Amino acid sequence: MKILILGSGGREHALVWKAAQSRLVQKLYCAPGSDAISDLAECIPLDCCDGTEVAGFCAEKCVDLVIVGPERPLASGVVDVLRRAGVRVFGPGQAAAKLESSKAFAKRFMARHRIPTAHGLVCATLEQAAAALEAMKFPLVVKADGLAAGKGVRVCQDREEAEETIEDFMRLKTLQAAGQTVVIEECLSGPELSALALTDGKTYKLLPHSRDYKRLLDGDKGPNTGGMGAFAPVDVGPQVQQAIQAVFDAALAGLRADGLDYRGVLYAGLMLTAQGPKVLEFNCRFGDPEAQALLPLLDCDIAALALACADGRLGSAELKVRPGACVCVSIASENYPRAPMTGRPITGLEDFSTGADLMLFHAGTAHPAGRWATAGGRVLGVTAWGPDTTAARHRAYEGVSRIRFNGMHYRRDIAGEILAIR
Ligand code: AMP
Ligand code: GLY
């Protein structure tokens, strides 16, 4: 098979790394890819949000399968253009991807299909938002409707903070069109869990549950980020597992009832509240960094699984998980997530020996003029496998200690305090 993977970050490096191990794969392309990814795949400078450009490339090279990494190409309808051109794709079309690209759509979807979530109101005008603040208790959560790369959600303790957020999103348009409509919802509490499933629209297979660390600083302090680390599996008791399955059963049945074709990853960001798991958000792709902890934990062929999803025959595909655990520690640039410093030389990469138990995924690096340098907010992800989470964590941090660059920042508490969730 010839496979094209869209994207360029740590998640895509992990996808390319995993796909490169597939016996089905004869040729791997990645667009746009990165200097690190180019060791494993031929990188093509395509605009991965331009369906015509991507479809043109697929036709020229006879690509058999496209795997979409990030959310933007999904939201911009690349999958629909590819499918119309007869290309098999792992990733939902634009209409179904609204589950991620519009929080108002997702809220209505969950209400329609009785999926447990925070009570919330969709507000398309400043008047509606003001009325919602009157009607709801604090703290509450204000969410921009559209894609905002982790910047669109604020937990507001009081009215002043909520009014300021609404002012920013709706009047000042700090997130452009993404904040024109907001969802204002009740604030939930409890441990968070990333539950990801592969699906062909008919059936689904849950991956091991994972935990993402969204805040910048140790102890879950500081601003939200794309994710500072992850580990998997996270064990939950039978009751929680059953409730999570009920969420996916309802979501899949709902997609079908609404006539939405869904092939790819369905990711439920859950909060495990005292009343049971509730959905904070749906994403339509692998999480990042979750993918960097999950893919090395799979003991099966990701290309075969992605193809089975794209072809609508996931039911007969095998999803095998390695025993043990994986921990991924993300290393970020100085000033991430605000205005990350780039161009800083990185040492320790040339002789960093990777293998089945230690992986290095590049999220934002470049290799100009023969040396590695930082080129983004999140720079690297070090993932280690171990017989248990503690051993994996130890190996991951040992890996991190070999890497250095000016202003390097990482959390020291990834997988540190593991709550048993029952
Ligand atoms: P989201 O992009 O909707 O997953 O939100 C990003 C983060 O904001 C989540 O991971 C939670 O930490 C927090 N969050 C979102 N919705 C709520 C909520 N209803 N209650 C409390 N925290 C929330
Ligand atoms: N790590 C969270 C996400 O990928 O959305």
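The structure presented is a predicted model; accordingly, all values stated were derived computationally and were not measured.

A. Up close: the packing of aromatic side chains. Taken as a whole, this structure holds seven aromatic pairs when the rule is applied. Relative to Phe57, the ring of Tyr29 has its centre 5.0 Å away and its plane inclined at 90 degrees; by these criteria the two rings are edge-to-face. Taken as a pair, Tyr29 in strand β2 (residues 27-32) and Phe57 in helix α2 (residues 51-61) lie far apart in primary sequence, 28 residues in all. There is no split in this pair, since Tyr29 and Phe57 are both buried. Relative to Tyr410, the ring of Tyr397 has its centre 6.2 Å away and its plane inclined at 45 degrees; by these criteria the two rings are tilted. Residue Tyr397 is found in helix α12 (residues 389-400), and its partner Tyr410 is found in the segment after α12; the two are separated by 13 residues along the sequence. We note that Tyr397, like Tyr410, is buried. Positioned over the ring face of Trp385 is Arg322, at 4.4 Å from the centre of the ring. The cationic tip of Arg402 hangs over the ring face of Phe352; the distance from NZ or CZ to the ring centre is 4.9 Å.

B. Examining a negative patch on the surface more closely. Negative charge collects at one region of the surface, where Asp158, Glu160, Glu161 and Glu164 lie side by side. Relative to the helices and strands, Glu160 is located in helix α8 (residues 159-171). A relative accessible area of 59% places Glu160 in the exposed class.

C. Region of the structure containing the sheet that holds strand β18 (residues 325-332). A sheet is described by the order of its strands in space; here five strands give the open sequence β12-β15-β18-β22-β19, paired in antiparallel fashion. A single partner strand is all that each edge strand has here, and the edge strands are β12 (211-212) and β19 (358-362). Here strand β15 (residues 229-232) runs beside β18; their pairing, made up of four bridges, is antiparallel. Note on β18: the bridge partner recorded for Ala230 is Cys328.

D. Molecular detail of the side chain of Asn283. Its place among the elements puts Asn283 in strand β17 (residues 276-283). A distance of 3.3 Å separates polar atoms of two side chains, one belonging to Asn283 and the other to Glu281. Sequence-distant contacts of Asn283, that is, excluding residues within four places in its chain, are made with Glu100, Tyr262, Val265, Leu266 and Tyr267.

E. Up close: the site of ligand 2. Around ligand 2, the neighbouring residues are Asp212, Gly226, Tyr267, Asn283, Arg285, Gly287, Asp288, Pro289 and Glu290. In the environment of ligand 2, an oxygen atom lies 2.9 Å from a nitrogen or oxygen atom belonging to the side chain of Arg285. The separation between a nitrogen atom of ligand 2 and a polar main-chain atom of Asp288 is 2.9 Å. For ligand 2, whose accessible area on its own is 200 Å², the fraction buried by protein is 89%. Residue composition of the shell around ligand 2, grouped by class: two nonpolar, three polar and four charged.

F. Representation of the site of ligand 1 in the model. Surrounding ligand 1, one finds 14 residues, the nearest of these being Glu185, Glu186, Leu188, Glu192 and Glu281. Within the side chain of Lys143, a nitrogen or oxygen atom sits 3.0 Å from an oxygen atom of ligand 1. Lys214 has a polar side-chain atom sitting 3.2 Å from an oxygen atom of ligand 1. Starting from 470 Å² of accessible surface for ligand 1 in isolation, the protein chains cover 89%. Mapped onto the shell around ligand 1, the elements with two or more residues apiece are β7 (140-144), β9 (182-186) and β17. For the shell around ligand 1, the class distribution of residues is seven nonpolar, no polar and seven charged.

G. Spatial organisation of the state of the cysteines. Counting across every chain of the model gives zero disulfides. Unpaired in this structure, Cys43 has its nearest cysteine sulfur neighbour in Cys30, at a distance of 5.2 Å. Residue Cys48 stays outside any disulfide, its sulfur separated by 5.1 Å from that of Cys49, the closest cysteine. Residue Cys48 is classed as buried on the basis of its relative accessible area of 12%.

H. Fine view of unusual backbone geometry. Cis geometry marks the peptide bond from Phe138 to Pro139, where omega comes out at -5 degrees. In this structure, Pro139 sits in the loop between α7 (126-135) and β7. Omega for the bond connecting Ala232 with Pro233 falls within 30 degrees of zero, at 0 degrees, which places this linkage in the cis form. Its place among the elements puts Pro233 in the loop between β15 and α9 (238-257). The phi torsion at Gln176 lies on the positive side, around 50 degrees, for a residue other than glycine. Within the secondary structure, Gln176 sits in the loop between α8 and β9.

I. View of the nonpolar core. Membership of the largest hydrophobic core comes to 77 residues, with the highest contact counts inside it found for Leu4, Val66 and Phe282. The leading source of residues in this core is α9, at eight residues. Every residue in contact with Val66, bar those within four places of it in the chain, is listed here: Leu4, Leu6, Cys58, Leu82, Val87, Arg88, Val89 and Phe90.

J. Region of interest: the sheet that holds β2. Strands sit in the order β3-β2-β1-β4-β5 across an open sheet of five strands; the sheet is parallel. What marks the edges here is a single partner per strand, and that holds for β3 (42-43) and β5 (88-90). Where strand β4 (residues 65-68) and β5 come together, three bridges link them in parallel fashion. Along β5, the bridge assignment pairs Ile67 with Phe90.

K. Here's a closer look at the side chain of Thr117. Assignment of secondary structure puts Thr117 in the loop between α6 (103-112) and β6 (120-123). Accessibility expressed as a relative area gives 18% for Thr117, which makes it buried. A distance of 2.8 Å separates a polar side-chain atom of Thr117 from the backbone oxygen of Val279.

So, how was this worked out
- Residues numbered from 1 in each chain as written.
- Chains lettered and ligands numbered in written order.
- Predicted model: local features only at pLDDT ≥ 70, side-chain atom pairs only at ≥ 80, totals over all residues.
- Heavy atoms only, no water.
- Phe/Tyr/Trp six-rings, centres within 6.5 Å; stacked < 30°, edge-to-face > 60°.
- Helix = DSSP H or I, 4+ residues; strand = E, 2+ residues; numbered from the N terminus.
- Buried < 20%, exposed > 50% of the residue type's maximum accessible area, 1.4 Å probe, protein only.
- Lys NZ or Arg CZ within 6 Å of the ring centre and 35° of its normal.
- Patch = residues over 30% accessible without salt bridge, like charges linked within 9 Å, V, L, I, M, F, W, Y side chains within 5 Å.
- Areas by Shrake-Rupley, 256 points an atom, 1.4 Å probe, with all protein chains shown as cover.
- Salt bridge = Lys/Arg side-chain N within 4 Å of Asp/Glu carboxyl O.
- Lys, Arg positive; Asp, Glu negative; His and termini not counted.
- Charge placed at Lys NZ, Arg CZ, Asp CG, Glu CD.
- Pairing = 2+ DSSP bridges.
- Polar contact = N/O pair within 3.5 Å; in protein donor to acceptor, adjacent residues only side chain to side chain.
- Contact = heavy atoms within 4.5 Å.
- Near = heavy atom within 4 Å.
- Nonpolar A, V, L, I, M, F, W, Y, C, P; charged D, E, K, R; others polar.
- Disulfide = S-S within 2.5 Å.
- Core = buried A, V, L, I, M, F, W, Y, C linked by side-chain atoms within 4.5 Å.

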